[in-house]
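Working through the structure, step by step
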Amino acid sequence: MHDTFTMEAFELLGIAHPEEVSRKQVRSAYAKRLKQIDPAEDPQGFQALRHALETALAFVDGERTVPATPHDGPQPLVDPADGRKPRQETDRQVAPAPAEPIISAAELGLAELQCLRLGDNTVSTITRLLNDTAFDDLEMNKQLERELVLFLDRRLVMKKGGIPSFTNDITPGLMKAMAARFDWLTDYRGIEKNAGRPELVSMAISFLIGAEQTRQQHQREAMALWDWIMGIAIFVGIPLGVAAQFLEKDSIWQLLAGGAAGVSFLVIMFVLMRR
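Residues numbered from 1 in each chain as written. Predicted model: local features only at pLDDT ≥ 70, side-chain atom pairs only at ≥ 80, totals over all residues. Heavy atoms only, no water.

1. Describing the overall build of the chain
- Regarding its fold elements, the chain presents 10 helices and 4 strands.
- The order of α-helices and β-strands along the chain, N terminus first, is α-α-α-β-β-α-α-α-β-β-α-α-α-α.
- Counting only residues that meet the buried cut, the chain has 31% of its 275 residues in that class.
- Total accessible area computed for the chain in this model is approximately 18200 Å², and 58% of it derives from carbon and sulfur atoms. (Helix = DSSP H or I, 4+ residues; strand = E, 2+ residues; numbered from the N terminus. Buried < 20%, exposed > 50% of the residue type's maximum accessible area, 1.4 Å probe, protein only. Areas by Shrake-Rupley, 256 points an atom, 1.4 Å probe, with all protein chains shown as cover.)

Written out as structure tokens, the structure reads:
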């Protein structure tokens, strides 16, 4: 039978059957609840949730004792001569060693990634994890790659013609950043090891990045064409504009030169506005 504190902790985390959960499931439940709390506006609620996490993890690890709540203070020392009267502490006490965090920043980030739903701010969340120094460790980096591959596998969709792709919250820029970090375009081992559908995930990654590269190439080609047009307009328009100043006033040649210079100026302005 579970004690009241333990049951309340699991209820706060939204876990109905404590005896059947793992540490990973506890952390995932904590990450879901954390999204519903603003620590700045509800510090007591955040502390209660944090204590529930520690209690639940201690229970899963087999430690039946409940961690001290944030409100528990140091207990008064009892005089051996009179167990009912607290005595004042006179000897210098040795400060206890700081306890290791029950859940690391990297583990919390992985739990948050596991809980991402369609419509959440996927780009900012994954970008933050990619830049988090907590994943500089080789082992944690492997875990991050594993969770990202599983995440992409969940986001896999099939478009018309049977072309594999991802949901719209996976942007080309985000995919490019992930592929660059884990070298997915040349090293498929992480995808093959962790994805449920590795061939489709690899194809979808290549298609998404390839489509973005093709679009950027078309943009560069179009910009090069407009740059060429602007160069011609400058080359033609400036001499004609200068020549119009020296031609006979109101003559047909002055009007033609001035008109051509004016059109060249409009072309130059149009190209500059497209940049």
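2. Here's the deal with helix 2 (residues 23-34)
- Taking 1.5 Å of rise per residue, the 12 residues of helix 2 would be expected to cover 16 Å, and the 16 Å separating its terminal C-alpha atoms lies within 8% of that figure.
- Buried within helix 2 we find Val 26, Arg 27, Ser 28, Ala 29, Tyr 30 and Ala 31.
- For helix 2, the secondary structure elements touched by its buried residues are helix 1 (4-13), helix 3 (43-60) and helix 4 (105-114). (Expected span 1.5 Å × (residues − 1). Contact = heavy atoms within 4.5 Å.)

3. Things to note about a nonpolar patch on the surface
- Where nonpolar side chains cluster on the molecular surface, the patch consists of Leu 225, Trp 228, Ile 232, Phe 235 and Val 236 and spans about 550 Å² of accessible area.
- Note that Val 236 resides in helix 9 (residues 198-244).
- Under the relative-accessibility criterion, Val 236 is labelled partly exposed at 35%. (Patch = residues over 30% accessible without salt bridge, like charges linked within 9 Å, V, L, I, M, F, W, Y side chains within 5 Å. Salt bridge = Lys/Arg side-chain N within 4 Å of Asp/Glu carboxyl O.)

4. Description of the packing of helix 4 against helix 6 (residues 138-154)
- Closest axis-to-axis distance for the helix 4/helix 6 pair is 10 Å, and the angle between their directions is 5°. In terms of orientation, helix 4 lies roughly parallel with respect to helix 6. Contacts between helix 4 and helix 6 involve Ala 106, Glu 107, Leu 110, Leu 113 and Gln 114 from the former and Met 140, Gln 143, Leu 144, Glu 147, Leu 148, Phe 151 and Arg 154 from the latter.
- Residues belonging to the contact of helix 4 with helix 6 are distributed by class as follows: 7 nonpolar, 2 polar and 3 charged. (Axes fitted to C-alpha atoms, helices over the stretch in contact; angles between N-to-C directions. Parallel < 35°, antiparallel > 145°, perpendicular 65-115°, else oblique. Nonpolar A, V, L, I, M, F, W, Y, C, P; charged D, E, K, R; others polar.)

5. Some points on the pattern of salt bridges
- Counted according to the given criterion, the structure contains 8 salt bridges.
- A salt bridge links Glu 54 to Arg 50, with the nearest nitrogen and oxygen atoms 3.9 Å apart. Taken together, the positions of Glu 54 and Arg 50, both in helix 3 and 4 residues apart, correspond to about one turn of that helix.
- For Glu 54, a relative accessible area of 24% translates into the label partly exposed.
- As a salt-bridge pair, Arg 146 and Glu 147 come within 3.0 Å of each other at their nearest N and O atoms.
- On the accessibility criterion, Arg 146 (35% relative accessible area) is partly exposed.
- Looking at Glu 147, the relative accessible area reads 6%, which means it is buried.

6. Side note on the environment of Trp 253
- The topology assignment puts Trp 253 in helix 10 (residues 252-274).
- When its relative accessible area of 60% is taken as the criterion, Trp 253 is described as exposed.
- Along the primary structure Trp 253 and Ala 243 are separated by 10 residues, whereas in three dimensions their C-alpha atoms are 9.5 Å apart.

7. Side note on the layout of surface pockets
- Size it by volume and the largest pocket reaches roughly 320 Å³.
- Lining the largest pocket are 13 residues, with Lys 142, Glu 145, Gly 190, Lys 193 and Asn 194 sitting closest to its centre.
- For the lining of the largest pocket, the elements supplying multiple residues, two or more each, are helix 6 and helix 8 (189-194).
- Considering each element in turn, the lining of the largest pocket owes the most residues, 7 residues, to helix 6. (1 Å grid on protein atoms, 1.4 Å probe; cavity = no way out; pocket = protein on both sides within 12 Å on 5 of 7 lines; lining within 4 Å. Points joined across faces, edges and corners; volume = space filled by probe spheres on them.)

8. What to know about unusual backbone geometry
- Of note, Asp 183 is a non-glycine position whose phi angle comes to about 60°, a positive value.
- Its place among the elements puts Asp 183 in the loop between helix 7 (172-182) and helix 8.
- Relative accessible area serves as the criterion here: at 40%, Asp 183 is assigned to the partly exposed category.
- The phi dihedral of Asp 250 falls on the positive side, at around 65°, and the residue is not glycine.

9. Things to note about the nonpolar core
- Residues Phe 166, Met 175 and Trp 184 are the most contacted members of the largest nonpolar core, which totals 30 residues.
- Of all the elements in the fold, those that place two or more residues in this core are helix 4, helix 5 (122-130), helix 6, helix 7 and helix 9.
- If you tally residues by element for this core, the top one is helix 6, at 6 residues.
- Phe 166 has contacts with Leu 152, Arg 155, Leu 156, Val 157, Met 175, Val 201, Ala 204, Ile 205 and Leu 208, leaving out every residue within four places of it along the chain.
- Formed by 14 residues, the second largest nonpolar core is a distinct cluster that contains Phe 10, Leu 53, Leu 57 and Phe 59. (Core = buried A, V, L, I, M, F, W, Y, C linked by side-chain atoms within 4.5 Å.)

10. Focus on the environment of Leu 113
- Tracing the chain through its elements places Leu 113 in helix 4.
- The residues touching Leu 113, leaving out its near neighbours within four places in the chain, are Ile 126, Leu 129, Leu 144, Glu 147, Leu 148, Phe 151 and Arg 154.

11. Re the pairing of strand 3 (residues 156-159)
- Across 4 bridges, the pairing between strand 3 and strand 4 (residues 163-166) is antiparallel. Following the sheet pairing, Val 157 is matched in strand 4 by Ser 165.
- As consecutive antiparallel partners, strand 3 and strand 4 are separated by 3 residues, and within that stretch Gly 161 has a phi angle of approximately 85°, a positive value. (Pairing = 2+ DSSP bridges.)

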